[in-house]
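Fold and geometry: a report
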Amino acid sequence: MGTMGLGGKEACQQVVSFLVGATLPTALLVLLASDRLGDGLSAISTSWGPTPAHQLQAAAASGSPASNLSAGSAAPAAVTHGQQSGGFAGLAELLPKVSTDDGTVIITSVNEAFARPGSLLDVFRESFRAGEGIEHLLDHVLVVTVDGMAFAHCKAAHPHCYLLEVSSSMNLSSASKFMSDAYVELVWTKLSLQQRVLELGYNFLFTVHTKAVLHKSDVDIVWLRNPFWHISVLADMTTSSDVFGGDASSLDDNLPNTGFYYVKASNRTVEMLRRWRARFPPNHEQAVFNEIKHELAAGDGLGVGIRFLDTARFAGFCRIYHSDMGAACTVHANCCFGLENKLYDLREVLVQWRNYTALTTEERTSRKFMWKDPTKCGTPDKMDRFTNP
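Sequence positions are assigned chain by chain, starting from 1 and proceeding in written order. Only residues with pLDDT of at least 70 are given local features in this predicted model, and only at 80 or more are side-chain atom pairs given and counted; all residues enter the totals for whole chains, interfaces and linings. Values reported for side chains reflect all heavy atoms of the structure, with hydrogen atoms and water molecules removed beforehand.

Per an unreviewed UniProt entry, the protein goes by the name Nucleotide-diphospho-sugar transferase domain-containing protein and belongs to Urochloa decumbens.

Right, let's talk about the pattern of salt bridges for a bit. For this analysis, a salt bridge means a side-chain nitrogen from Lys or Arg found within 4 Å of a carboxyl oxygen belonging to Asp or Glu. Scanning the model with the defined rule gives 11 salt bridges in all. One salt bridge in this structure joins Glu-271 and Arg-275, with 2.9 Å as the shortest N-O distance. Of the two residues, Glu-271 and Arg-275 are both situated in helix H8 (residues 267-277); the distance of 4 residues between them amounts to about one turn of the helix. Each residue is placed in one exposure class: buried if its accessible area under a 1.4 Å probe, protein chains only, is under 20% of its type's maximum, exposed if it is over 50%, and partly exposed if it falls in between. For Arg-275, a relative accessible area of 28% gives the class partly exposed. Through salt bridges with shared partners, a single ionic network connects Glu-132, Arg-225 and Arg-364. Runs of E in the DSSP output that reach at least two residues are strands. Runs of H or I that reach at least four are helices, and both are numbered from the N terminus.

Attention now moves to the nonpolar core. Soluble globular proteins tend to pack their nonpolar side chains together in the buried interior. Of all hydrophobic cores here, the largest spans 40 residues; its most connected members are Leu-91, Leu-142, Tyr-162, Leu-193 and Trp-276. It is helix H7 (residues 181-199) that contributes the most residues to this core, 5 residues altogether. Setting aside residues no more than four positions away along its own chain, Leu-91 makes contact with Leu-142, Tyr-162, Leu-193, Arg-196, Val-197 and Leu-200. Take the buried residues of types Ala, Val, Leu, Ile, Met, Phe, Trp, Tyr and Cys, join any two whose side-chain atoms come within 4.5 Å, and each joined set is a nonpolar core. Any two residues having at least one pair of non-hydrogen atoms within 4.5 Å are treated as being in contact.

Take the packing of H8 against helix H9 (residues 285-297) next. It is the contact of H8 with H9, at a shortest axis distance of 10 Å, that shows an interaxial angle of 125 degrees. Taken as axis vectors, H8 and H9 run oblique relative to one another. H9 is crossed by H8, and the crossing has right-handed handedness. Contacts between H8 and H9 involve Met-272, Arg-275 and Trp-276 from the former and Glu-285, Val-288, Phe-289, Ile-292 and Leu-296 from the latter. Residues are grouped as follows: nonpolar covers Ala, Val, Leu, Ile, Met, Phe, Trp, Tyr, Cys and Pro; charged covers Asp, Glu, Lys and Arg; every other residue, Gly included, is treated as polar. Its residues assigned to classes, the contact of H8 with H9 comprises 6 nonpolar, no polar and 2 charged. Where helices are involved, their axes are fitted lines through C-alpha atoms of the stretch in contact, as for all axes, and angles between N-to-C directions lie from 0 to 180°. Angle categories are assigned with fixed cut-offs, so that under 35 degrees is roughly parallel, over 145 is roughly antiparallel, 65 to 115 is roughly perpendicular, and the rest are oblique. Each crossing gets its hand from how the near helix is turned against the far one by less than a right angle, where anticlockwise is left-handed and clockwise is right-handed.

Right under this line is the structure:
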């Protein structure tokens, strides 16, 4: 009997060990997928209703996001941080009206030249309606305007507009040349607003389709498919790329493009924005981010998880020939100078897209459909044909 009792204890211990061993990977996965400072899993899907638990688990296991995008969400808990950016009157009251159920806001910015009827704001909004199942995402877009006329144009076309108070005596209504005083002030004020969004507890996806500057690395953008499915829940920041080397986690092989990036709200990402802003001036924010990305991601420092998006899905005119319409989520008007050039070629993108989506499923899957070279804007071999106005 004593021997049998000892065997029963050993068997029980083995069962307990097995159960503990089985649960540890799941617990580790949950820990990795959530922020190290206690933030919940950030996940996004194309559906309006709640995402089933098994889909959340499957998405976490694959590194893909998986929560729902729907309206009427309550404000998330604010992130606690020692040095808050402050200011931005009315922003805290506006964000709950725009955010998804998981507390994500899509942010873009315009000035009067790009917000007026028929300009880039209209093209941007049109792309959501032409895209595959993404029109509802317009309800979660916050358009940040940098002058009074832009705000008036925005209110006439879009439900969620915010007038950013820029302390400047310069005219911000027209496009500002690269590295002009107006350019530098605007791009760094943008980071201050983004930091405040994170401090208030909201994730954001910043998409510069109508930025109030003209520069070869700044992008105007159309949306065609839901990009959130390609944003990893394991990353603090996911950014588009000017050059993508094949490994989404490589800091050395990828060149970031901060015209389209997602940031998950946490104390760590608030500090990331603070350190990023602390490098102002003299360079623009994209170049500064590329310079400090290793510092931000260092394991003995802040430890920010950074992922890069494949240019095959998040295309730009610089590398348009690498993109298949069957995979494309967004198209950026980079390698392009001048508002009229951007408008012309982005409208051409939508024409090509509508021709593609009008095909039958069999026709669309029979072969790859590649984008045509932009007519007005430049792929790298065409760059020398354009000069900065």
